[in-house]
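Chains, contacts and geometry: an overview
So the chains spell out like this:
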Amino acid sequence: MSIQTDRLVTAMDVVVCGAGPVGLMLSCELALADISVVVLEKRLENSVVPRANGIVGQPVRLLELRGLLAGFSAGRYAGPVPSYPFGDVLMDLSLIPDVRLPALLIPQPELEGCWPIGPSSSERPSGAATR
């Protein structure tokens, strides 16, 4: 990347590797800030293998802030959870006063199907897809 005196970024400001929930949300937020974003994803199709069972914490609040939570949560639980697994440890949040950890309980394959964009075949490098 070349450094210019008037601007420290090039024509392509950010490359996001991975078009999962985090990569797509990050790319949307960057685009809203007028930052040029390219998202690279090696899978050409949405996953059928569940890798997560939902979204927890600030990402749920961000979906709500952007008016997207209703589209993702149709028929799913979206609200505070009394406990949450962190690896092999179940965190009992009821022991902490005033903690309301928001969660959207949805398997990853269904979550990926909710995003309003999909893989694009135009100008895709071999072994990579842009979403």
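So, a few notes on the structure that sits alongside this text. Along each chain, residues carry numbers from 1 onward, in the same order as the chain's sequence is written. For a predicted model such as this one, the threshold for reporting local features is a pLDDT of at least 70, and the threshold for listing and counting side-chain atom pairs is 80 or more; totals across whole chains, interfaces and linings nevertheless cover every residue. Processing note: side-chain calculations cover all non-hydrogen atoms of the structure and skip hydrogens and water entirely.

1. Side note on helix H1 (residues 21-32)
In this text, helices come from DSSP runs of H or I with a minimum length of four residues, and strands from runs of E with a minimum of two, each type numbered from the N-terminal end. Here the expected span of a helix is defined as 1.5 Å times the quantity of residues minus one. With 12 residues, H1 should cover 16 Å at 1.5 Å per step; its first-to-last C-alpha distance of 17 Å lies within 8% of that length. Those residues of H1 that sit buried are Pro 21, Gly 23, Leu 24, Met 25, Ser 27 and Leu 30. Throughout, a residue-residue contact means that at least one pair of heavy atoms, one from each residue, lies within 4.5 Å. Looking at the packing, one finds that the buried side of H1 touches strand E1 (14-17), strand E2 (37-41), helix H2 (58-65) and helix H4 (108-114). Phi turns positive one or two residues past the end of H1, at Asp 34, with a value near 60°. Burial classification: accessible surface area is computed with a 1.4 Å probe over protein chains only, and a residue below 20% of its type maximum counts as buried, one above 50% as exposed, and the rest as partly exposed.

2. Here's the deal with the nonpolar core
Core analysis: the largest hydrophobic core is formed by nine residues, namely Met 25, Ile 55, Val 60, Leu 63, Leu 69, Phe 72, Leu 104, Ile 106 and Leu 111. If you list the elements that add at least two residues to this core, you get H2 and helix H3 (69-73). Residues contacting Ile 55, with those up to four places away along its chain left out, are Val 60, Leu 63, Pro 102, Ala 103, Leu 104 and Leu 111. In these notes, a set of buried Ala, Val, Leu, Ile, Met, Phe, Trp, Tyr and Cys residues joined through side-chain atoms within 4.5 Å is what counts as a nonpolar core. In this structure, Val 16, Leu 24, Leu 30 and Val 39 belong to the second largest nonpolar core, which totals five residues.

3. Side note on the pattern of salt bridges
Put simply, a salt bridge is a Lys or Arg side-chain nitrogen that is within 4 Å of an Asp or Glu carboxyl oxygen. Following the criterion strictly, the structure yields two salt bridges and no others. The partner of Arg 66 in a salt bridge is Glu 29, and the shortest N-O contact between them spans 2.8 Å. In this pair, Arg 66 sits in the loop between H2 and H3 while Glu 29 sits in helix H1, placing the two residues 37 residues apart along the sequence. Classification of Arg 66 by relative accessible area gives partly exposed; the value is 39%. Of the charged contacts, one joins Arg 76 and Glu 110 as a salt bridge, the two residues approaching to 2.2 Å between their closest N and O atoms. Linking Arg 76 in the loop between H3 and strand E4 (78-81) with Glu 110 in helix H4, this pair joins segments that are 34 residues apart in sequence. The class of Arg 76 is partly exposed, set by a relative accessible area of 31%. The exposure class assigned to Glu 110 is partly exposed, which follows from its relative accessible area of 38%.

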